[in-house]
Amino acid sequence: MKPVVIMHYDEKGWLDVRISGEVTVLTVDDRVPADRVYEHTIQEDRDELLAFADGPWGNINDQRSDQLRVKLHRLEHGLAVVGEGA
């Protein structure tokens, strides 16, 4: 089974990383230069993780967000909407 990693941004922009499967996920945090690289170690059940991301999925209109900050973030990180009409 393929590993699954979900990067979840809440409405305020807080990022939550959720992982299932054999994969190494690292976070680099330059706010703490002496300890800047962290490995995510919490694993979750794959079915529960996939259920968390089951919907609603976006559509092509989500790409046209009026929030410039969100648009720029998507472009910088190669993010595209997943779902019908995408």
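Presented here is an overview of the structure given in this document. Computed from a predicted structure; not experimentally measured.

Cut-off values and rules
- Residues numbered from 1 in each chain as written.
- Predicted model: local features only at pLDDT ≥ 70, side-chain atom pairs only at ≥ 80, totals over all residues.
- Heavy atoms only, no water.
- Helix = DSSP H or I, 4+ residues; strand = E, 2+ residues; numbered from the N terminus.
- Buried < 20%, exposed > 50% of the residue type's maximum accessible area, 1.4 Å probe, protein only.
- Contact = heavy atoms within 4.5 Å.
- Areas by Shrake-Rupley, 256 points an atom, 1.4 Å probe, with all protein chains shown as cover.

## Considering the overall build of the protein chain
Okay, step 1: Secondary structure assignment for the protein chain yields two helices and four strands.
Okay, step 2: Helices (α) and strands (β) of the protein chain occur, in sequence order from the N terminus, as β-β-β-β-α-α.
Okay, step 3: Buried positions account for 14% of the 86 residues belonging to the protein chain.
Okay, step 4: Sequence separation of 24 or more characterises 33% of the internal contacts of the protein chain that already satisfy a separation of 6 or more.
Okay, step 5: Looking at the protein chain as shown, the accessible area adds up to about 7,300 Å², and 53% of this sits on carbon and sulfur atoms.

## Quick word on the environment of phenylalanine 52
Okay, step 1: With respect to the helices, strands and loops of the structure, phenylalanine 52 is situated in helix α1 (residues 46-52).
Okay, step 2: Residue classification places phenylalanine 52 among the partly exposed residues on the basis of a relative accessible area of 36%.
Okay, step 3: Measuring from C-alpha to C-alpha, the distance between phenylalanine 52 and isoleucine 6 comes to 9.1 Å, with 46 residues separating the pair along the chain.
Okay, step 4: Beyond its immediate chain neighbours, meaning those up to four positions away, phenylalanine 52 contacts Ile6, His8 and Arg18.

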